[in-house]
Amino acid sequence: MNGTQAEKVAIDVLTGDPLATNAAGVVVGVWDDGQMAQDLKKKIDTALGGELARILANGEFKGEPGETFFLPTFGKMKSRYLILAGLGKRDKTTAETLRKLSGTVAGAARRRNLSKLHSTLTENVSDSAQAAEAVVEGTLLGLYRFSDYKSKPQNGSKSKVGKNGEYTLTQLSLQATKTSDRKVRQGVEWGQAIVRATYLARDLGNQPANVATPTMIAETASRETKKRGIRYTSFDRTRMEEMGLGALVGVAKGSNEPARLIQLEYKPAGAANTRPVLLVGKTLTFDSGGISLKPAEKMETMKGDMSGGATVLGTMMAAADLKFPLWIVGLMPATENMPSGTANKPGDVLRAFNGKTIEVINTDAEGRLILADALSYGIKTFDPILTIDLATLTGAVTVALGAHTLGVMGNDQKRIDQIIETGTEVGERGWQLPLFEEYYDQIKSPVADIQNVGGRGAGTITAAAFLSHFVDDKPWVHLDIAGTAWVESDEPYKPKGNVGIGIRLLIHFLNRLAVEKGSRKRPSKPAKRK
Ligand code: BES
Ligand code: MN
Ligand code: ZN
């Protein structure tokens, strides 16, 4: 599905008998001990004349994580299929379990062309808001496809059951009870806002770099922020030169695509904070490496080097859609990194916004250059209570942490801990790397104040150490998303390609901040098992 199709999925919350829905498939979670939530097992077994008990007793379905079983009901239930979905261990079931499982179920439903689903997975985790959000996210994020350039409709199904168009889910209903109804509805609203933002971020990341240029991203940001009352400003190259953004301009000057610094301000009436939170996202629309050219292999994935910026835009969209009572500023330094007669050369010295001089040893370490200006400009201009930057900054973070974990660094241990905690709750986990002072020696320059690379060891850390020169000791957390922004093969709710990483994490963290500032949006507690 694309964003337009995802918007059209009708999401309802039902408090009645789950077996009475007209959905083509009813999804029921099963733990690896054969148990199900509430009285579902008895109910279903009665309806199906003991068939469920036989299947479980036979070990035909074991309830292992991600296992699915489509049982035709032959008219014994209103739905054509009872979909058994394996939850694994009962005491390990979290919202993330539901998110992954919903993605897997959605993929299987797509292959059978089932367009209406009813999920009772909301009953398998005690925090109903988190559970409902996870089911909505897992289902819709799992069905995401980028098919803008496919001439024929993409069915996603090998069979010919589809009509003539692309598969779309038309209806998703979620099970609730009289007592959980309100929380389930809230979870749905959050899930929809996060999905909408993530679809947009994924689209920007999957678009080829000849389409998703700084200009196009600026236009997208302008359009999406206008809809939501977010103030939009864009600075062109001349303005950036006047402002003294020498590092950003230095990277941009090798490219024929006009660069931009995009600035977004969301300031709702009655915001809980009197100084904003600043989000900065690396928006490098294509990273060839510049004069320090990258090898050809996998260079095409460098169209995704703007993922940090897409996450900043998506987060601000979702925060506005959910009417967050928080003042948030977003900055997206947007440019290509190209080799040309006007490009940065190794050995060149650039002067950043805060006056520090940088010797460019390697033109492929460009992300930290554009962030240096965005960070120092943002902090000086907005005096934020906290700055968070997201960047596909180093290949080294993939060596250290692989594709499942964000690299987390910064100078504010309390906020670092909170972000890691939130990430664990919402399934976007991070791990901290140290910023010991010894690492700073690696980026000393014989010529300028600092140099832009730090040698072989600890590449992710020396990149962060570089950035810290531009935050003026103000509270700051840096997320290196180079390993997590892109997946090479399909995962339950992450189809191959851009992930739209970090939106869910930032939204839930910002909510936590709003709660802390005395403005209650939604209680922020980890989801517990039942
Ligand atoms: N955009 C890259 C980092 C990257 C690598 C993102 C792989 C996603 C996947 C960044 O600009 C870069 O080129 N970093 C260099 C730094 C080096 C020159 C110090 C790297 O990681 O090799
Ligand atoms: Mn690079
Ligand atoms: Zn880059």
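Residues numbered from 1 in each chain as written. Chains lettered and ligands numbered in written order. Predicted model: local features only at pLDDT ≥ 70, side-chain atom pairs only at ≥ 80, totals over all residues. Heavy atoms only, no water.

Undergrad: So what's going on with the overall build of the protein? Which residues, and what values?
TA: Counting its secondary structure elements, the protein contains 15 helices and 20 strands. In terms of C-alpha radius of gyration, the protein reaches 24 Å, essentially the compact-globule figure of 24 Å for 530 residues. With the C-alpha coordinates aligned to their principal axes, the bounding extent of the protein is approximately 80 × 50 × 45 Å. Here the protein holds 530 residues, and the buried ones make up 60% of them. Averaging the coordinates of the 69 positive side-chain charges in the protein and doing the same for the 58 negative ones gives two points 7 Å apart. (Helix = DSSP H or I, 4+ residues; strand = E, 2+ residues; numbered from the N terminus. Rg over C-alpha atoms; globule rule 2.2 N^0.38 Å. Buried < 20%, exposed > 50% of the residue type's maximum accessible area, 1.4 Å probe, protein only. Lys, Arg positive; Asp, Glu negative; His and termini not counted. Charge placed at Lys NZ, Arg CZ, Asp CG, Glu CD.)

Undergrad: For the coordination of the manganese ion (ligand 2), give the residues involved together with the corresponding values.
TA: D287 (OD), D364 (O), D364 (OD) and E366 (OE) make up the full set of protein donors to the manganese ion (ligand 2), lying at 2.1 to 2.2 Å. Around the manganese ion (ligand 2) sit 6 donor atoms, and with donor-metal-donor angles ranging over 70 to 167 degrees the site reads as irregular. Within one chain, the residues donating to the manganese ion (ligand 2) are spaced in sequence as D-x76-D-x1-E. In this model, the manganese ion (ligand 2) sits 3.2 Å from the zinc ion (ligand 3), the two metals being bridged by D287. (Donors = N, O, S within 2.8 Å, 3.2 Å for Na, K, Ca; no water. Tetrahedral: all angles 85-135°; square planar, octahedral: opposite > 155°, others 65-115°.)

Undergrad: I'd like a rundown of the sheet that holds strand β5 (residues 116-119), residues and numbers included.
TA: Strand order in this open sheet of 6 strands is β1-β6-β5-β2-β4-β3, and the pairing throughout is mixed. Every interior strand has two partners, whereas the edge strands, β1 (10-14) and β3 (68-72), have only one. Averaged over all pairs of adjacent strands, the angle between strand axes in this sheet comes to 25 degrees, irrespective of strand direction. Relative to strand β4 (residues 81-88), β3 runs antiparallel, the two sharing 5 bridges. From the neighbouring strand, P72 faces β4, where its bridge partner is Y81. (Pairing = 2+ DSSP bridges. Axes fitted to C-alpha atoms, helices over the stretch in contact; angles between N-to-C directions.)

Undergrad: Any details on the site of ligand 1? Residues and values, ideally.
TA: What surrounds ligand 1 is a group of 15 residues, the closest being D287, K294, D364, E366 and G395. One nitrogen or oxygen atom from the main chain of G395 is found 2.7 Å from an oxygen atom belonging to ligand 1. Starting from 520 Å² of accessible surface for ligand 1 in isolation, the protein chains cover 74%. (Near = heavy atom within 4 Å. Polar contact = N/O pair within 3.5 Å; in protein donor to acceptor, adjacent residues only side chain to side chain. Areas by Shrake-Rupley, 256 points an atom, 1.4 Å probe, with all protein chains shown as cover.)

Undergrad: Break down the coordination of the zinc ion (ligand 3) for me, citing the residues and quoting the values.
TA: The zinc ion (ligand 3) binds to the protein through K282 (NZ), D287 (OD), D305 (OD) and E366 (OE), with metal-donor distances spanning 2.0 to 2.4 Å. Here the zinc ion (ligand 3) binds 6 donor atoms, and the angle range of 78 to 173 degrees at the metal identifies the geometry as octahedral. In terms of primary sequence, the donors binding the zinc ion (ligand 3) are separated according to K-x4-D-x17-D-x60-E. The exposure class assigned to K282 is buried, which follows from its relative accessible area of 2%.

Undergrad: Requested: an account of unusual backbone geometry, with residues and values cited.
TA: Unusually for a residue other than glycine, F74 sits at a positive phi of about 45 degrees. Mapped onto the fold, F74 is located in the loop between β3 and β4. Even without glycine at this site, K298 takes up a positive phi of about 65 degrees. Inspection of the secondary structure puts K298 in the loop between β10 (283-287) and α10 (307-321).

Undergrad: I'd like a rundown of helix α15 (residues 503-516), residues and numbers included.
TA: Compared with the 20 Å implied by 1.5 Å per residue over 14 residues, the 20 Å span of α15 between its first and last C-alpha is a close match. In terms of burial, α15 is a largely internal element, 12 of the 14 residues being buried. For α15, the full list of buried residues reads I503, R504, L505, L506, I507, H508, F509, L510, N511, R512, L513 and A514. A positive backbone phi angle near 90 degrees is found at G518, which sits one or two residues after α15. (Expected span 1.5 Å × (residues − 1).)

Undergrad: Let's hear about the side chain of T357: which residues, and what values?
TA: Checked against the element boundaries, T357 lands in strand β13 (residues 357-359). Taking the relative accessible area as the measure of exposure, T357 reaches 14% and is therefore buried. Those residues in contact with T357 that sit more than four places away from it in its chain are V349, L350, R351, A448, D449 and I450. (Contact = heavy atoms within 4.5 Å.)

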